[in-house]
Amino acid sequence: MKSTAYQEQNPGVHSQIVSDRQAIDQIGEPKPTAVTPTAKPMGRQWLGRISGVVVTVLCFWIVPGEVVRANQVQNRELEIGVVQRFGSKPTDKLILKALEGDRLYVRFEGGDGTPQTQEVKEIQLEIVMKPLAEPILEERLVLSTHRSFENAEQNADEWRKKGIEVEIAHPGRWQVWAQREVYGTPLLRRLLLQNLQAEGYETAFLDTEILQQKPQPSWVFEGFRYNRDRLEIWAGSDRIQVSREKEDRNPTLYPGNLRIQPNAYGSFTLVNEVPMEDYLRGVVPHEIGADAPYAAVEAQAIIARTYVLRNLRRFAIDNYELCASTECQVYKGVGETWDRSDRAIAATAGKVLTYNNELIDALYSSTTGGITAPFQDMWDGADRPYLRAVLDSVSNVWDLSRYSLDNEQNFRRFITLDKGFNEEGWDVFRWREVSSLAQMNKDLKSYLQEKQHPQANFQTIQTVEVVERSNAGRAIAVNVTTDQGSVRLVKDEILRAFWAPLSTFFYLERMYGEDKSFKGYVFVGGGFGHGVGLSQSGSHRLAKLGWTSDRILKFYYPGTEIQPISEDIIFWRDPLVTSDRG
């Protein structure tokens, strides 16, 4: 969520970078190296290059009320944060290499403010810690902390309704911050915190640090060391190898261009600027599996494309769009691609999944456990009619209308079933995870300490109980009683507080030792992940049964429609605005 002040300070050109070049074994300043690249220049210039569609996306939080529509985005360039928080450790390192016979071109702003370009075979980026002339207060007011973007965004909307300007951040966990440009002084932040505490809000806290030094990316060229906060890197072949270690035998090969830029946490992000269809080549096979039946791969391609276009706002605070991990979609570049997934991506080019002419929230998971979870079983926020409980079976293995899984007896009976489901035979379809009391104490303490919860210093857990379960069987609320009181865990926060369960589709068995003492719990359940939307393992079976990608998607997302991208489709709608102003 880019602030207005940031845009005013960055009107399409770099602000001056104050960074000294330090000679290695030499004395004096090197002459600026101006190289006219023989390689193809970057297709999208960093200096003032954001398209109209992206500007709309990046302004979601600045100008609430936007309705974002598709417009000339059949193969738009994406901005993927492939290495997040580079420089959070002083030992961090990145090695970027050109392919055999190719060269890299490195562009940055020189000490005199003019763009400089270096031509190299490879560049090794290291972190140097630069002492500050005087200490700097680094502080933000954290309003809430979350396991998922979905809950962070919903919470951000609730703060906005109260008139508090916010931004969503991801320093390691999803957080909602009071917008730094609005609450820009220690006094304003403390006044807001005091008011919130007086009104009974317990989730807000100040995250404060006094900085004596700051990290900066650094590299050596022709005997001189350069330190810069921002770099652009491209190659003639549009292919760049990236590794963390010099002897890395499996570097990641990224298509398109790369850039290093600061983030909101005092470190840096390596961003891959990549056309969407090339991006999908690095997502689809790693999400669905290289051996998946073709129709399942097509279905994955369509929802992966839908997902990325609906979620372009996720990392607006850090000036890129999506990450490359399971927090978004797994993206591993194009070093390992498969013909089957390439064919599926090409065959579905430009196709997305919609509901009422709007891109769906294209959530999917590895395994559901036999029934998909409605959106509200995992997260807060508006209902998604197409994300509802679907029995993951083509057989009549269970009558959900007669035997609702919110009944504990029905749920436990359902978990004993392991035949007749689309996910039958998968390792995580059914599971039994043992967690000792010591481990559960450790897990819960870590969770509460991260939230700065008043009960974070408890000694031991006494009981854990599922106190609310949905019609689809998901644990909606778990009550944990400790020696200091009770803690209520809700929806996906259950998985953040305890590491043992693979999903919220579980029940608990209390464990005792030979001396009858309480030893911990066994989590007995099914599925892996949130269980919302398409089951990747289930789609394998449906494809093997001869189902088309269209039929698979309509099974997991009832009421949806596959459409080609057009300017009539709404990408995303601000939930605080009821009228369509697109």
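Before any of the text, the structure's been laid out above.
Residues numbered from 1 in each chain as written. Predicted model: local features only at pLDDT ≥ 70, side-chain atom pairs only at ≥ 80, totals over all residues. Heavy atoms only, no water.

Re unusual backbone geometry
One non-glycine residue, D238, adopts positive backbone phi at about 60°. Among the secondary structure elements, D238 is positioned in the loop between β12 (231–235) and β13 (239–243). For K491, which is not glycine, the phi dihedral falls at a positive 55°. For K491, a relative accessible area of 13% translates into the label buried. (Helix = DSSP H or I, 4+ residues; strand = E, 2+ residues; numbered from the N terminus. Buried < 20%, exposed > 50% of the residue type's maximum accessible area, 1.4 Å probe, protein only.)

Brief notes about the pairing of strand β18 (residues 351–355)
Remember that side chains alternate between the two faces of the sheet whenever the strand is regular. Bridging between β18 and strand β28 (residues 561–564) involves 4 bridges; their strand directions are antiparallel. Residue pairing in the sheet places T354 in a bridge with E561 of β28. Sheet topology places β18 next to strand β19 (residues 358–359); 2 bridges connect them, and they run antiparallel. Residue pairing across strands places T354 opposite L359, the latter belonging to β19. What sits between the antiparallel neighbours β18 and β19 is a turn of 2 residues, in which N356 has the positive phi angle 55°. (Pairing = 2+ DSSP bridges.)

Examining the nonpolar core
Judged by nonpolar contacts, the single largest core of 104 residues is most densely connected at L96, L143, Y279 and Y557. The biggest single contributor to this core is helix α7 (residues 294–310), with 11 residues. Residue contacts for L143: discarding those within four places in its chain leaves W159, I164, V166, V176, W177, A178, L196, T203 and A204. The next biggest cluster of nonpolar side chains, apart from the first, holds 25 residues, and it includes W431, L437, M440 and Y447. (Core = buried A, V, L, I, M, F, W, Y, C linked by side-chain atoms within 4.5 Å. Contact = heavy atoms within 4.5 Å.)

Some words on α7
For α7, with 17 residues, the first-to-last C-alpha span of 25 Å sits near the 24 Å given by 1.5 Å per residue. Burial within α7 is extensive, with 16 of its 17 residues counted as buried. (Expected span 1.5 Å × (residues − 1).)

Description of the sheet that holds strand β25 (residues 506–512)
One open sheet accounts for 3 strands, arranged β21-β26-β25; its pairing is antiparallel. Both edges of this open sheet fall to β21 (431–436) and β25, since each of them pairs with a single strand only. Pairwise comparison of adjacent strand axes, ignoring direction, gives a mean angle of 25° for this sheet. Of the strands in this sheet, β25 and β26 (518–525) touch helix α10 (residues 408–416), which is tilted by about 90° from β25. Relative to β21, helix α11 (residues 437–450) is tilted by about 85°, and along the sheet it contacts β21 and β26. (Axes fitted to C-alpha atoms, helices over the stretch in contact; angles between N-to-C directions.)

Here's the deal with the sheet that holds strand β16 (residues 268–275)
Taken together, the 7 strands give an open sheet; going across it, the order is β6-β5-β12-β15-β16-β3-β17, and neighbouring strands pair in mixed fashion. In this open sheet, the two strands that pair with only one neighbour each are β6 (115–120) and β17 (322–323). Summarising the sheet, strand β3 (residues 77–86) and β16 pair through 7 bridges and their orientation is antiparallel. By the bridge assignment for β16, L78 is matched with V274.

Remarks on helix α3 (residues 149–161)
Here α3 contains 13 residues, and its C-alpha end-to-end distance of 18 Å stays within 8% of the 18 Å for a straight helix at 1.5 Å per residue. Where α3 is concerned, the buried positions are F149, E150, N151, A152, E153, Q154, N155, A156, D157, W159 and R160. In the core, the buried residues of α3 are packed alongside β7 (122–146), β8 (166–169), β9 (174–178), α4 (186–198), α9 (375–378) and β29 (570–573).

Brief notes about the pattern of salt bridges
Scanning the entire structure with this criterion turns up 31 salt bridges. Across the salt bridge formed by R343 and D339, the nearest N and O atoms sit 3.0 Å from each other. With R343 and D339 both in helix α8 (residues 339–347) and 4 residues apart, the pair spans about one turn of that helix. By relative accessible area, which is 43% here, R343 ends up partly exposed. Across the salt bridge formed by E468 and R488, the nearest N and O atoms sit 3.4 Å from each other. On the criterion of sequence distance, the pair formed by E468 in strand β22 (residues 461–469) and R488 in strand β24 (residues 485–490) is long-range, its members being 20 residues apart. By relative accessible area, E468 is classed as partly exposed at 36%. Overlapping salt bridges, with partners in common, bring together R310, E358, D361, R384 and R573 in one network. (Salt bridge = Lys/Arg side-chain N within 4 Å of Asp/Glu carboxyl O.)

Comments concerning the state of the cysteines
Across all of its chains, the model carries 1 disulfide by this definition. Between the sulfur atoms of C323 and its disulfide partner C328 the distance amounts to 2.4 Å. Between C323 and C328, the S-S dihedral sits near 115°, and the bridge is therefore right-handed. A relative accessible area of 0% places C323 in the buried class. (Disulfide = S-S within 2.5 Å.)

Remarks on the side chain of H540
Among the secondary structure elements, H540 is positioned in helix α13 (residues 536–544). Side-chain polar atoms of H540 contact the backbone oxygen of I288, separated by 3.0 Å. (Polar contact = N/O pair within 3.5 Å; in protein donor to acceptor, adjacent residues only side chain to side chain.)

Description of the environment of V120
Relative to the assigned elements, V120 resides in strand β6. With a relative accessible area of 10%, V120 lands in the buried category. Residues V120 and D102 lie 18 residues apart in sequence; the distance between their C-alpha atoms is 9.3 Å.

Some thoughts on the packing of aromatic side chains
If you walk through the whole model with that rule in mind, you get 25 aromatic pairs. On the basis of an interplanar angle of 85° and a centroid distance of 5.8 Å, the ring pair of W177 and Y265 is categorised as edge-to-face. Pair noted here: W177 is in strand β9 and Y265 is in the loop between β15 (257–262) and β16, with a separation of 88 residues, a long-range link. Assessed through its relative accessible area of 16%, Y265 is described here as buried. Judged by centre distance (5.2 Å) and plane angle (50°), the ring pair of F375 and W379 falls under tilted. Taking relative accessible area as the criterion, F375 reaches 1% and is therefore assigned buried. A residue is classified by how much of its surface remains accessible, and W379, at 4% relative accessible area, is buried. Through successive ring pairs, a cluster of aromatic residues spans W398, Y403, F411, F414, F421, F429, F505 and Y507. Its guanidinium or amino end placed over the ring of F429, R430 lies 4.0 Å from that ring's centre, counting from NZ or CZ. (Phe/Tyr/Trp six-rings, centres within 6.5 Å; stacked < 30°, edge-to-face > 60°. Lys NZ or Arg CZ within 6 Å of the ring centre and 35° of its normal.)

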